Amino acid sequence: MSRFFYSFSRVVLTPTFGLLYRLRVEGLQHLPREGPVVLVGNHASFLDPPVLGTAMPRPVSFLALEKFFRKPLLGSIFRAAGAIPIPQDGVSRDAFRTAAEVLRKGRVLGIFPEGGRTMAPPLDPFKEGAFRIARMGSASVIPVAILGTDRIWPRTRRLPRLFGRIRVILAPPIPAGTKPAEAMARAREAILERLTSA
């Protein structure tokens, strides 16, 4: 992600989300100031990527489905944001390599391990790819619970509601080098706990 795009989007989206959706972020002490990190979160709404990106004090590059890059305006935004295209049926080798390179440069990667927007709330089964990427890139994994976006812009609505409340809660990090299956189970448990107890 370019520094200009990150700064511009935060200038625009931070007051927008604050005014319309009273965005509140908890647990930012768990995000290190530098070094590779993979943020893994639940995904119930189209709002989740911009909300999570805006909530973080570091730029976040997201994995996104290739089909969105083929839409003229949306594709331009995704490319400017440094998003990494992945095929509909899963993460390709090229996407794996690109994502791992982002982490090797000490950056932050955002992945929604359900593989798409939630079909069976509060959380669909996770896919292991995000956690394999984290291990390849020697990155810690930070589980993130995003609450409220499902009511503001659910799958059934064409456009988001104008008002609501959004919370983003970061859980303690899962150390770099944790086996993917273990990291996946721990991340899912941490997110589910925060979704159901908030």
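Data block above holds the structure.
Residues numbered from 1 in each chain as written. Predicted model: local features only at pLDDT ≥ 70, side-chain atom pairs only at ≥ 80, totals over all residues. Heavy atoms only, no water.

Our next topic: the pairing of strand β5 (residues 108-111). Side chains on a regular strand alternate between the two faces of the sheet. Both faces of β5 are covered, namely the face carrying Val-108 and Gly-110 and the face carrying Leu-109 and Ile-111. Pairing of strand β2 (residues 37-41) with β5, which is carried by four bridges, proceeds in the parallel orientation. Directly across from Val-40, in β5, lies its bridge partner Ile-111. In the sheet, strand β3 (residues 60-65) pairs with β5 via three bridges, with the strands oriented parallel. Paired with Val-60 across the strands is Val-108, a residue of β5. (Buried < 20%, exposed > 50% of the residue type's maximum accessible area, 1.4 Å probe, protein only. Helix = DSSP H or I, 4+ residues; strand = E, 2+ residues; numbered from the N terminus. Pairing = 2+ DSSP bridges.)

Attention now moves to the packing of aromatic side chains. Going through the model one piece at a time under the given rule, you end up with seven aromatic pairs. Linked through ring pairs, Phe-46, Phe-68, Phe-69, Phe-78 and Trp-153 together constitute an aromatic cluster. Taking NZ or CZ as reference, Arg-117 lies 3.9 Å from the ring centre of Phe-46, over its face. In this structure, Arg-188 is placed above the aromatic ring of Phe-126, and the distance from its NZ or CZ to the ring centre is 5.6 Å. (Phe/Tyr/Trp six-rings, centres within 6.5 Å; stacked < 30°, edge-to-face > 60°. Lys NZ or Arg CZ within 6 Å of the ring centre and 35° of its normal.)

Three- or four-residue spacings in an α-helix give side chains the same orientation, since the helix completes a turn every 3.6 residues. A large share of helix α2 (residues 48-55) lies buried, amounting to six of its eight residues. Taken together, the buried positions of α2 are Asp-48, Val-51, Leu-52, Gly-53, Thr-54 and Ala-55.

With 31 residues, the main nonpolar core has Val-38, Leu-63, Leu-109, Phe-131 and Ile-133 as its most contacted residues. Only β2, β3, β4 (84-86), α5 (93-104), β5, α6 (129-136), β6 (140-147) and α8 (180-197) provide two or more residues apiece to this core. What Val-38 contacts, discounting residues up to four positions off in sequence, is Leu-103, Leu-109, Ile-111, Ala-130, Ala-134, Ala-139, Ser-140, Val-141 and Ile-142. Of all hydrophobic cores here, the second largest spans 22 residues; its members include Leu-47, Val-51, Val-60 and Ile-142. (Core = buried A, V, L, I, M, F, W, Y, C linked by side-chain atoms within 4.5 Å. Contact = heavy atoms within 4.5 Å.)

Ordered in space as β1-β7-β6-β2-β5-β3-β4, the seven strands form an open sheet in which the pairing is mixed. Since the sheet does not close on itself, it has two edges, and those belong to β1 (24-26) and β4, each with one partner. Along the sheet, successive strands turn relative to each other by an average axial angle of 25°, direction set aside. Pairing between β3 and β4: three bridges, direction parallel. Looking at the pairing, Leu-63 lines up with Ile-84 of β4. Sitting on the sheet, α5 touches β2, β3, β4 and β5, and the angle it makes with β4 is about 150°. The strands that α6 touches are β2, β3, β5 and β6; relative to β2, the one it contacts most, it runs at about 170°. (Axes fitted to C-alpha atoms, helices over the stretch in contact; angles between N-to-C directions.)

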